[in-house]
Amino acid sequence: MQIDALFDLEFLDPYFEAKASLEDATGISFGVDYTTLGLTTTDNNGNGSSASGIARFYGAWELLGRGTPNTGALVFKVEHRHAYTAIPASGLGFDVGYAGLIGTPFNDQGARVTNLYWRQRFGDGHGTVIGGFLDTSDYVDAFALGSPWLHYTNFVFSTGSATIGLPDDATFGIAGAMFLTDNIYVIAGLADANGDSNEVFSGFETFFGENEYFSSVEVGWTSARERLIFDNIHATFWHTDGSGDLGIDDGWGVVGSASWYVREQWLPFLRGGYSKDGGALLEASVSAGIGWQPHPGPGRDLLAVGVNWGRPSEASFGKGADDQITAEFFYRFNVGEHLAITPDVQVIFDPALDPSKDVIGVLGLRARLAL
């Protein structure tokens, strides 16, 4: 018996059949997952290690146009984020003198909302509009290897290469995407800069009362609509009015990204950005790397390596912080259909917040069970 057969979870077949029947009958689709991340460092001055977990329940209820390209659906996602150790994984970077997030979403916020919005597709599926409580990272500078649940752990390899001052998740706003031709698309959004995922409905008051917004426009090119996330070259421009509630000044920036899925196995990428204030972690950043799948096709085992150069933002960290270089390597292997295990290695050169250190190593292990 192969080891992955042990994790096929055949005893849950009635559950998966019930999910499929529910979707057929009502248009409601949903999923649950649990992800853990453990990190340990070579640094002896801080906590040295951290571990966190996140439970999520998410899905969509198609209420309009079922069976057509122009569907309308209510999209939802709720989470519980928690730490097993003194500090969550997301705080370990700052703890060792690194100007950045090593385990981006793995904080200890507790119960929270991430998505609660209406999604309307139109133009035979060529366009989409979403409105409600949004996670701006879902549509700003999307990248095929940018998911912290499945790919790189360090934020410099995710949205904006750490040069975008994103608002909190579940921020009230609206966004839309449209293909102008078969290859060229545009995405634009306007969201509350004061969003709070722990008090999601306060977004009505801050959006219409504070009038402080995060806005973005992205223009991109892809080889074909169905390969949007894989073969993708785009530029994203963003601006924030800042947040009086959070003490963040206004700011702006631009990011660029190029990636290409070669022979259904290789995905090289080059990404970077520049910011002027606005709460971004880095003022300038450049990331390059490549992902490789031993077996062709999306969703299979994945090996990837990436290198980033970053200059910390003076607005966020003050003057005098040195440039830093980050390298990350991971191998995600799937055990059965529902469990993914990802060993991860990061090396940080010249951590900006602690000039006394030259190199810090970080070993990580992530596990995700999705049902």
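Before reading on, note that the structure itself is shown above.
None of the values given here were measured: they were computed from a predicted structure.

Quick question: what am I supposed to make of the overall build of the chain here?
Of regular secondary structure, the chain possesses 4 helices and 16 strands. Computed over the C-alpha atoms, the radius of gyration of the chain is 20 Å, within 12% of the 21 Å expected from 2.2 N^0.38 for a compact globule of 371 residues. Overall, the C-alpha framework of the chain stretches about 60 × 60 × 40 Å when taken along its three principal axes. Taking all 371 residues of the chain together, the buried fraction comes to 49%. Long-range contacts, defined here as pairs at least 24 residues apart, represent 62% of the contacts in the chain between residues at least 6 apart. Counting only carbon and sulfur atoms, one obtains 61% of the accessible surface of the chain, whose full area is about 16,200 Å². Looking at charge distribution, the chain has the averaged site of its 20 positive side-chain charges lying 6 Å from that of its 46 negative ones.

Looking at this structure, I do not really get helix α1 (residues 13-26). What am I missing?
When the terminal C-alpha atoms of α1 are compared, their 20 Å separation across 14 residues agrees well with the 20 Å that a helix rising 1.5 Å per residue should span. Of the residues flanking the end of α1, it is Gly-27, one or two places downstream, whose phi is positive at about 85 degrees.

In this structure, what is going on with a negative patch on the surface? I would like to understand it.
A contiguous patch of negative charge, built from Glu-10, Asp-13, Glu-17 and Glu-337, is present on the exposed surface. Of note, Glu-337 is situated in the loop between β14 (324-335) and β15 (339-349).

Can you help me understand the side chain of Thr-206 in this one?
Residue placement: Thr-206 occurs in helix α3 (residues 203-209). On the accessibility criterion, Thr-206 (10% relative accessible area) is buried. At a separation of 2.4 Å, a polar atom in the side chain of Thr-206 contacts the side chain of Asp-192. Reaching out from Thr-206, the side chain makes a polar contact with the backbone oxygen of Gly-203 at a distance of 3.3 Å.

Mind showing me how you'd approach the pairing of strand β9 (residues 232-240) here?
Look at any regular strand and the pattern is simple: side chains alternate between the two faces of the sheet. Side chains Asn-232, His-234, Thr-236, Trp-238 and Thr-240 project from β9 onto a buried face, and the interleaved Ile-233, Ala-235, Phe-237 and His-239 project onto a face without burial. Sheet topology places β9 next to strand β10 (residues 251-259); 9 bridges connect them, and they run antiparallel. Bridged to Thr-240 within β10 is Gly-251.

Please clarify how the packing of aromatic side chains should be interpreted in this entry.
Both the distance between ring centres and the angle between the ring planes are used here to describe each pair of aromatic rings. Counted under the stated rule, the structure contains 25 aromatic pairs. With 6.0 Å between their ring centres and 55 degrees between their planes, Phe-172 and Phe-208 make a pair best called tilted. One end of the pair, Phe-172, is in strand β6 (residues 171-179); the other, Phe-208, is in helix α3, and 36 residues separate them in sequence. Among the aromatic side chains, those forming a connected cluster through ring pairs are Phe-133, Phe-172, Phe-201, Phe-204, Phe-207, Phe-208 and Tyr-213. Here Lys-19 stacks its cationic end above the ring of Phe-30, 5.2 Å away from the centre of that ring. Just above the ring of Phe-143 sits the side chain of Arg-271; from NZ or CZ to the centre is 4.3 Å.

What is the right way to look at the environment of Trp-149 in this model?
The topology assignment puts Trp-149 in the loop between β5 (127-134) and β6. Of the residues examined, Trp-149 reaches a relative accessible area of 12% and is grouped as buried. Between the C-alpha atom of Trp-149 and that of Leu-37, which follows or precedes it by 112 residues, the distance is 9.4 Å. With residues near it in sequence (within four places) discarded, Trp-149 still touches Thr-35, Ile-54, Arg-56, Arg-81, Pro-105, Phe-106, Arg-366 and Arg-368.

Each value, and the rule that gives it
- Per-chain numbering applies: the sequence of each chain, read as written, is numbered from 1 onward.
- A pLDDT threshold of at least 70 governs which residues receive local features in this predicted model, and a stricter bar of 80 or more applies before side-chain atom pairs are shown or counted, although totals over entire chains, interfaces and linings include all residues.
- Calculation of side-chain values draws on the structure's entire complement of heavy atoms; hydrogens and water are dropped beforehand.
- Only runs of H or I of at least four residues qualify as helices and only runs of E of at least two qualify as strands under DSSP, and these elements are numbered from the N terminus.
- Restricting the calculation to C-alpha atoms gives the radius of gyration, and the globule rule supplies 2.2 Å times the number of residues raised to the power 0.38.
- Relative accessibility under 20% of the residue-type maximum defines a buried residue, over 50% an exposed one, and the middle range a partly exposed one, all with a 1.4 Å probe and only protein chains included.
- Any two residues whose heavy atoms approach within 4.5 Å are treated as being in contact.
- Each accessible area is a Shrake-Rupley result for a 1.4 Å probe, and residues are judged covered by the shown protein chains and nothing else.
- Two residue types count as positive, namely Lys and Arg, and two as negative, namely Asp and Glu; His and chain ends fall outside the count.
- To locate a charge, the coordinates of NZ of Lys, CZ of Arg, CG of Asp or CD of Glu are taken.
- A helix is expected to span 1.5 Å for every residue after the first.
- Nonpolar side chains (Val, Leu, Ile, Met, Phe, Trp, Tyr) are joined into patches within 5 Å and like charges within 9 Å, using only residues with over 30% relative accessible area and no salt bridge.
- A pair is scored as a salt bridge if a Lys or Arg side-chain nitrogen falls within 4 Å of a carboxyl oxygen belonging to Asp or Glu.
- Polar contact is the term for a pair of N or O atoms within 3.5 Å; when the atoms are in protein, one must be able to donate a hydrogen and the other to accept it, and sequence-neighboring residues count only if both atoms are side-chain atoms.
- For two strands to be treated as a pair, DSSP must find at least two bridges joining them.
- Any two rings among Phe, Tyr and Trp, with Trp reduced to its six-membered ring, count as a pair given centres within 6.5 Å; such a pair is stacked if its planes are under 30 degrees apart, edge-to-face if over 60, and tilted if neither.
- Criterion for a charge above a ring: Lys NZ or Arg CZ within 6 Å of the ring centre, and within 35 degrees of the ring normal.

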